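Chain by chain, the residues:
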Amino acid sequence: MYDLAVIGAGWAGFNAALRARQLGLKVALIEKDRVGGTCLNRGCIPTKALIQSAKIYSLSKKSANFGIEAAAPQINFLKIQERKEKIVQQLHSGMQFRLKGIGLVSGQARIFSPQVLKVGSEIVNTKFILVATGSRPIELGELKFDGKKIISSDEILNLKEIPRSLLIIGGGVIGCEFASLFCAFGSSVSIVELMPQILPGIDKEIARKLENIFKKKGIKVSTGTDAKHVDLKDYDLVLLCIGRQPETKDLDLEKFGVKLEKGKILVDEYLKTSISNIYAAGDCTGKIMLAHFAAYQGRVAAENIAHPDKPKKAESANIPNCIFTDPEIASVGLSQEEGLSQGQDVRIDKFDFLSSGMARILDETEGFIKIISDKRTEQILGASIIGPRATELIGILTLGMQSRLKISQIRDTIFAHPTLSESISEAVKTDYAI
Ligand code: FAD
């Protein structure tokens, strides 16, 4: 009899299993595919590995700007794919190694009763279940994935060659990252987005800025446009990425009284479902579909299962959101629009990377940092960045928000020069504030 059976070895399930073992529970981790889930095998890691190759290509094309004369760089796409695979494989081995002491069960789990799971012919008896089955890409009405011309983010990661023309339906985070990537590799890229802006939900000024940068690079962006008005015949390949839905349909959870809403597993603030010994974490709860949030929820669920006497709330504030386009985008907390619409007496500080010494040295001056704070308490309410290393810089502001720092404390902190991080303190030193 296990104390805990975790279904799904993605970032939520893996972290939950490690934490539960650390807390002394006997744990089974059930995975039907590969340990690492979406993030490692077809999400965060492979996309960023490809993006790094695209970055090297773009940088080498402009090496003469840095006084380095080199022959025109050539793309070897198969090598790029091999490098990506190697990184995934290395991380996969590392994860397998870390699972020592956890009963890894391969196969699709089916819930037989709230204490019994079936994995193929194997029976897993358990006191608690944590569902961490992740999510999968959504199709668009009549437009279905065919694995050849109309593909999802799963297949685009494994292309053997760079498409000449690529239509991306959905200008969200995944769509914009692939647009940026394949444009850098020389594809002719078009984005169709139903909403009035790409990256819906992101600071409007930043989304507009990225749209302008995309257009300058030759990416065609059509916002407020329904994909059904687009002729797919005009493109070699169509990436459909309009969102993801929780992967819960094969589990029959409702049969055991677990409440779902549009496929999302409903959990309370302690990540418990409507059945007292079944918990859920990660994308299958349909909250914030990000790997670090899934990992956090997994850890909190494991702690609550191990220590039901001192339950811990799973928070959803101060979760950074990173977009690995060129330039990068990152945000945490409130956007400018959200700050102003909540009627809070907000102050908005801004710093343009044009004035940053390090941005000039890197030759990446496009973009800015925006920090939203409460005028009265001086506490940071949110921050949005577009520009070099935005995805690293946001960590400082996330820590600032989590620690309830005042902007005057950031102003008084001495950041090293010349660095990109000093731009954060420069932002709150400027007179520009509304
Ligand atoms: P998953 O990682 O999906 O893991 C669920 C696991 O459960 C899977 O391995 C699946 O095989 C298994 N499973 C499902 N059903 C069963 C069953 N019945 N029995 C056994 N096993 C089962 N997030 C970021 O934070 N940063 C990024 O840069 C980023 N980039 C992304 C890029 C792309 C292209 C995509 C698609 C996603 C990206 N994400 C990113 C999102 C991130 O990958 C997910 O939020 C994260 O993987 C969710 O983790 P999870 O553990 O909830 O689910």
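Residues numbered from 1 in each chain as written. Predicted model: local features only at pLDDT ≥ 70, side-chain atom pairs only at ≥ 80, totals over all residues. Heavy atoms only, no water.

**Here's the deal with the overall build of the protein**
Inference 1: Helix and strand counts for the protein come out as 13 helices and 21 strands.
Inference 2: Counting only C-alpha atoms and orienting by the principal axes, one finds that the protein spans roughly 65 × 55 × 40 Å.
Inference 3: Counting across all 434 residues of the protein, residues that qualify as buried make up 50%.
Inference 4: Restricting the contact set of the protein to residue pairs at least 6 apart, pairs at least 24 apart contribute 67%.
Inference 5: Roughly 20,600 Å² of accessible area belongs to the protein as shown, and the carbon and sulfur atoms make up 52% of that amount. (Helix = DSSP H or I, 4+ residues; strand = E, 2+ residues; numbered from the N terminus. Buried < 20%, exposed > 50% of the residue type's maximum accessible area, 1.4 Å probe, protein only. Contact = heavy atoms within 4.5 Å. Areas by Shrake-Rupley, 256 points an atom, 1.4 Å probe, with all protein chains shown as cover.)

**Here we look at a nonpolar patch on the surface**
Inference 1: There is a patch of nonpolar side chains on the surface, built from Leu59, Phe66 and Ile68 and spanning about 270 Å² of accessible area.
Inference 2: With respect to the helices and strands, Phe66 occurs in the loop between α3 (44–61) and α4 (77–98). (Patch = residues over 30% accessible without salt bridge, like charges linked within 9 Å, V, L, I, M, F, W, Y side chains within 5 Å. Salt bridge = Lys/Arg side-chain N within 4 Å of Asp/Glu carboxyl O.)

**Examining the nonpolar core**
Inference 1: In terms of nonpolar packing, the biggest core is built from 52 residues, with Val6, Ile111, Leu117, Leu130, Val131 and Ile265 touching the most fellow members.
Inference 2: Setting aside chain neighbours within four positions, we find Leu130 in contact with Leu4, Ala5, Val6, Ile7, Ala16, Tyr279, Ala280, Ala281 and Ala301.
Inference 3: Counting residues in hydrophobic clusters, the runner-up holds 37 residues, among them Leu50, Phe182, Phe185 and Ile219. (Core = buried A, V, L, I, M, F, W, Y, C linked by side-chain atoms within 4.5 Å.)

**Things to note about the site of the ligand**
Inference 1: Residues in contact with the ligand amount to 38 residues; listed here are only the nearest, Ala12, Glu31, Thr38, Lys48 and Ala291.
Inference 2: Within the backbone of Lys32, one N or O atom sits 3.1 Å away from a nitrogen atom of the ligand.
Inference 3: For the ligand, an oxygen atom lies 2.7 Å from a polar atom in the side chain of Lys48.
Inference 4: A total of 1,000 Å² of accessible area belongs to the ligand in isolation, and the protein chains cover 94% of it.
Inference 5: When residues of the shell around the ligand are traced back to their parent elements, those giving at least two are α1 (11–22), β2 (27–31), α2 (37–42), α3 and α8 (291–306).
Inference 6: If you tally residues by element for the shell around the ligand, the top one is α2, at four residues.
Inference 7: For the shell around the ligand, the per-class residue count stands at 16 nonpolar, 14 polar and eight charged. (Near = heavy atom within 4 Å. Polar contact = N/O pair within 3.5 Å; in protein donor to acceptor, adjacent residues only side chain to side chain. Nonpolar A, V, L, I, M, F, W, Y, C, P; charged D, E, K, R; others polar.)

**A few points about the sheet that holds strand β11 (residues 220–222)**
Inference 1: Taken in spatial order, the five strands of this open sheet run β8-β12-β9-β10-β11, and their pairing is parallel. Either end of the sheet is taken by a strand with one partner, and the two such strands are β8 (150–151) and β11. (Pairing = 2+ DSSP bridges.)

**Describing α3**
Inference 1: When the terminal C-alpha atoms of α3 are compared, their 26 Å separation across 18 residues agrees well with the 26 Å that a helix rising 1.5 Å per residue should span.
Inference 2: All buried positions along α3 are accounted for by Pro46, Thr47, Ala49, Leu50, Ile51, Ser53, Ala54 and Tyr57.
Inference 3: On its buried face, α3 sits against α2, α4 and α6 (173–184). (Expected span 1.5 Å × (residues − 1).)

**Thoughts on the domain arrangement of the protein**
Inference 1: Taken as a whole, the protein is organised into domain 1 (2–137 + 245–306), domain 2 (150–242) and domain 3 (321–427).
Inference 2: Averaged C-alpha coordinates put domain 1 and domain 2 at centres separated by 26 Å.
Inference 3: Between domain 1 and domain 2, the contact holds 20 residues from the first and 14 residues from the second.
Inference 4: Roughly 1,400 Å² is buried in total at the junction of domain 1 and domain 2, and carbon and sulfur atoms are behind 70% of that figure.
Inference 5: Taken together, the connections running from domain 1 to domain 2 amount to one salt bridge.
Inference 6: The salt bridge partner of Glu177 is Lys48, with a shortest N-O separation of 2.8 Å. (Domains from an automatic or database assignment. Buried area = accessible area lost by both parts, 1.4 Å probe.)

**What to know about the packing of α3 against α6**
Inference 1: Close contact between α3 and α6 brings their axes to 9 Å; oriented N to C, the two are set at 40 degrees. In terms of orientation, α3 lies oblique with respect to α6. Where α3 crosses over α6, the two elements pack in a sense that is left-handed. Here α3 contributes Thr47, Lys48, Leu50, Ile51, Ala54, Tyr57, Ser58 and Lys61 to the contact with α6, which in turn contributes Glu177, Phe178, Leu181 and Ala184. (Axes fitted to C-alpha atoms, helices over the stretch in contact; angles between N-to-C directions. Parallel < 35°, antiparallel > 145°, perpendicular 65-115°, else oblique. Left-handed = near helix turned anticlockwise from the far one by under 90°.)

**Comments concerning the packing of aromatic side chains**
Inference 1: Considering all chains together, one arrives at six aromatic pairs under this definition.
Inference 2: Of note, Lys26 hangs over the ring of Tyr2, and the distance from its end group to the ring centre comes to 5.0 Å.
Inference 3: In this structure, Lys350 packs its charged tip against the face of Phe368, placed 4.4 Å from the ring centre. (Phe/Tyr/Trp six-rings, centres within 6.5 Å; stacked < 30°, edge-to-face > 60°. Lys NZ or Arg CZ within 6 Å of the ring centre and 35° of its normal.)

**Some points on the packing of α6 against helix α7 (residues 204–217)**
The relative placement of two packed helices is expressed as an angle between their axes plus a distance between the axes.
Inference 1: Interaxial distance between α6 and α7 falls to 11 Å at its minimum, and their mutual angle equals 25 degrees. The pairing of α6 with α7 is recorded here as roughly parallel in orientation. Considering only the axes of α6 and α7, their crossing is left-handed. On α7, the residues touching Cys176, Ala179, Ser180 and Cys183 of α6 are Leu210, Phe214 and Lys217.
Inference 2: Taken together, the residues of the contact of α6 with α7 break down into five nonpolar, one polar and one charged.

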